[in-house]
Amino acid sequence: MAKVLDSFLKENLDDLKSKGLFNVIDPLQSANGPIIKINGNDLINLSSNNYLGLATDQRLKEVAEKAIEEFGVGAGAVRTINGTLELHTKLEDKIAEFKHTEAAIAYQSGFNCNMAAISAVMDKNDAILSDELNHASIIDGCRLSKAKIIRFNHSDMDHLRQKAKEAVESGLYNKIMVITDGVFSMDGDVAKLPEIVQIAEEFDLITYVDDAHGSGVLGKGAGTVKHFGLSDKVDFQIGTLSKAIGVVGGYVAGKKELIEWLKVRSRPFLFSTALTPADVAASKKAIEILMESTELHDRLWENGDYLKKGLKELGFNIGESETPITPCIIGEERLTQQFSRRLYEEGVYAKSIVFPTVPQGTGRVRNMPTAAHTKEMLDEAIAIYEKVGKELGVI
Ligand SMILES: *Cc1c(COP(=O)(O)O)cnc(C)c1O
């Protein structure tokens, strides 16, 4: 190893470890369902984004197996050479139908999708108004575009309006975009899309909503944009196939011309191999299930409400979530980590999230209830929360 690299790694790894910020990964010895096995222990899983339990759904597994039999395990090329199977276009048609848009384009992941879509449209002569709590992939996608990034305070519509007005009046930019998460994953709050769309109309802003945590969850499953009845008012509807949909991949849904442009200009579509047949078949099946029935969606909300009520009654601070995402705010960083560790020892897997991911002093254990949890599992988790909460003086 080059000496400079060796010393760089040593210094920085030691620094992280000494500050308690070095993340140790626990490999799962089971599927990522409501109960997971780690180090031989069965734990109630409150950490996955598998909102509807579809990651282990029998119907998805069957179509994935069938797709492998028929089309193999790999797509064989990038989409624009000859890696586009009919399966891909069928998935894209299904996404468009699901999102109530003219067309859609699928990418290899949600992260990849933000790398692809923003820089296909925005460049150094443009500006992007970005909520300060936007996901890392949005931030990186914005940077990649070289557009001027103008942050606005989280969900602060007066601030957004002021920044939009300044950007327009400066005359410096050809195009201006406003970009936001649909659901913010750390607190479970929902973007103020009606106001954002109104401001966008006033200043002719391009609208971009990344609904990774909203699809399958809000709008009876169709997402945050549908929830607010704004399907024809948002230019870019981004989603992931990896959370509620349970598989892997990302997409943009929007007008036909936008999708046509992304298919010729977004680099991960042109230069990275297409989603595998199994992923595509399983994702399409998941969307069909969501469109046929709200059963899983309803169970997710029931479970979310049940967990929230239980933790709140015990006296925990569960923040202001408007979705099933249930933060349990502990505060001090070390206490938060200790809390999460004790939950683990008692049989609940819920990760601690601390500064710098969330503001200092608002360390939390974040709970992601899913449609696959039973009431018994949630009752047991709540009982463990009570035990650990009392032991550590949090309640
Ligand atoms: C999780 C997430 C992504 C990344 O999606 P993947 O499909 O896991 O790559 C992108 N944007 C937001 C807002 C997310 O929450």
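Residues numbered from 1 in each chain as written. Predicted model: local features only at pLDDT ≥ 70, side-chain atom pairs only at ≥ 80, totals over all residues. Heavy atoms only, no water.

If you trace the three strands from one edge of the open sheet to the other, you get E10-E13-E12, paired in antiparallel fashion. Of all strands in the sheet, those bounded by a partner on one side alone are strand E10 (326-331) and strand E12 (352-353). In this structure, E12 lies alongside strand E13 (residues 363-367), joined through two bridges in antiparallel fashion. Looking at E13, one finds that isoleucine 353 is bridged to arginine 364. Contacting E10 and E13, helix H13 (residues 295-313) crosses the sheet at an angle of about 25° to E10. (Pairing = 2+ DSSP bridges. Helix = DSSP H or I, 4+ residues; strand = E, 2+ residues; numbered from the N terminus. Contact = heavy atoms within 4.5 Å. Axes fitted to C-alpha atoms, helices over the stretch in contact; angles between N-to-C directions.)

Now for the site of the ligand. Taken together, the neighbourhood of the ligand is formed by 14 residues, with Gly110, Asp210, Thr240, Ser242 and Lys243 sitting nearest. Glycine 110 places a main-chain nitrogen or oxygen 2.8 Å from an oxygen atom of the ligand. At 2.5 Å from an oxygen atom of the ligand is found a side-chain nitrogen or oxygen belonging to serine 242. Protein contacts shield 86% of the accessible area of the ligand, which totals 380 Å² for the unbound molecule. For the shell around the ligand, the element with the highest residue contribution is helix H5 (residues 110-121), accounting for three residues. In terms of residue class, the shell around the ligand is built from two nonpolar, nine polar and three charged. (Near = heavy atom within 4 Å. Polar contact = N/O pair within 3.5 Å; in protein donor to acceptor, adjacent residues only side chain to side chain. Areas by Shrake-Rupley, 256 points an atom, 1.4 Å probe, with all protein chains shown as cover. Nonpolar A, V, L, I, M, F, W, Y, C, P; charged D, E, K, R; others polar.)

A few words now on the sheet that holds strand E1 (residues 35-38). Taken in spatial order, the three strands make up an open sheet running E1-E2-E11, and their pairing is mixed. With partners counted over all chains shown, the strands left at the sheet margins are E1 and strand E11 (348-349), one partner each. The strands touched by helix H15 (residues 375-391) are E1, strand E2 (41-45) and E11; relative to E2, the strand with the most contacts, the crossing angle is about 95°.

Our focus in this paragraph is helix H7 (residues 157-170). Helix length check: H7, at 14 residues, gives a terminal C-alpha distance of 20 Å against a target of 20 Å (1.5 Å per residue), a fit within 8%. The complete set of buried residues in H7 reads Met157, His159, Leu160, Ala164 and Ala167. Down the axis of H7, the buried side of the element spans an arc of 155°, and every buried residue falls inside it. Exposed residues pointing more than 90 degrees away from the buried face of H7 are listed as Asp158 and Glu169. Looking at the buried positions of H7, the neighbouring elements they touch are strand E4 (127-131), strand E5 (148-152), strand E6 (176-181) and helix H8 (193-203). The N-capping residue of H7, defined by a side-chain oxygen 3.2 Å from the backbone nitrogen of aspartate 158, is aspartate 156. Glycine 171, located one to two residues past H7, shows a positive phi value of around 65°. (Expected span 1.5 Å × (residues − 1). Buried < 20%, exposed > 50% of the residue type's maximum accessible area, 1.4 Å probe, protein only. Arc of directions from axis to C-beta.)

What follows deals with the UniProt feature "domain: Aminotransferase class I/classII large" (unreviewed entry) in the chain. With numbering matched to this structure, UniProt assigns "domain: Aminotransferase class I/classII large" (unreviewed entry) to residues 42-382. End-to-end, the C-alpha atoms of residues 42-382 are 16 Å apart, and along that stretch the chain is 46% helix and 16% strand. (UniProt positions renumbered as here; feature names shortened; annotations may be inferred.)

This next bit is on empty space enclosed by the protein. On inspection of all chains with the given rule, the structure shows one cavity of 30 Å³ or more. In this structure, the largest cavity occupies an estimated 40 Å³ of space. Residue lining of the largest cavity: Arg79, His88, Ala106, Tyr107, Gln108, Phe269, Ala274 and Leu275, and that is the complete set. Per-class residue counts for the lining of the largest cavity are five nonpolar, two polar and one charged. (1 Å grid on protein atoms, 1.4 Å probe; cavity = no way out; pocket = protein on both sides within 12 Å on 5 of 7 lines; lining within 4 Å. Points joined across faces, edges and corners; volume = space filled by probe spheres on them.)

Cis geometry marks the peptide bond from phenylalanine 355 to proline 356, where omega comes out at 10°. Counting through the fold element by element, proline 356 comes out in the loop between E12 and E13. Residue asparagine 39 is not a glycine yet carries a positive backbone phi of 50°. Following the sequence through the fold, asparagine 39 ends up in the loop between E1 and E2.

Turning our eyes to something else, we now look at helix H2 (residues 58-71). Taking 1.5 Å of rise per residue, 14 residues should cover 20 Å, and H2 covers 20 Å from first to last C-alpha, within 8% of that figure. Residues of H2 that are buried: Leu60, Ala64 and Ala67. All buried residues of H2 fall inside an arc of 60° around its axis, so they share one side. Exposed positions of H2 whose direction lies more than 90 degrees from the buried face are Glu65, Lys66, Glu69 and Glu70. Contact partners of the buried residues in H2: helix H4 (86-99) and helix H12 (277-292).

The biggest cluster of nonpolar side chains holds 39 residues, and the ones touching the most others in it are Tyr51, Leu52, Leu54, Leu91, Ile95, Leu241 and Ile287. Within the residue set of this core, elements represented by two or more residues are H2, H4, strand E3 (103-107), strand E9 (250-254), H12 and H13. If one sorts the elements of this core by residue count, H12 sits on top with eight residues. (Core = buried A, V, L, I, M, F, W, Y, C linked by side-chain atoms within 4.5 Å.)

On to the side chain of asparagine 303. Here asparagine 303 lies in helix H13. If sequence neighbours within four positions are ignored, asparagine 303 has contacts with Pro369, Thr370, Ala371, His373, Lys375 and Leu378.

Often, the extent of an interface is quoted as the loss of accessible area upon association of its parts. Along its sequence, the chain is carved into domain 1 (17-46 + 294-392) and domain 2 (58-292). Just the C-alpha atoms count here: the centres of domain 1 and domain 2 sit 28 Å apart. Between domain 1 and domain 2, the contact holds 19 residues from the first and 16 residues from the second. Taken over both partners, the interface formed by domain 1 and domain 2 buries close to 1,300 Å², and the fraction arising from carbon and sulfur atoms is 61%. Along the contact surface separating domain 1 from domain 2 lie one salt bridge. Here aspartate 187 ties to arginine 364 by a salt bridge, and the two come within 2.7 Å at their closest N and O atoms. Our count for the contact surface shared by domain 1 and domain 2 stands at eight residue pairs in polar contact (both at pLDDT 80 or more). If you list the elements that add at least two residues to the side of domain 1 that touches domain 2, you get H13 and E13. The element best represented in the side of domain 1 that touches domain 2 is H13, accounting for five residues. (Domains from an automatic or database assignment. Buried area = accessible area lost by both parts, 1.4 Å probe. Salt bridge = Lys/Arg side-chain N within 4 Å of Asp/Glu carboxyl O.)

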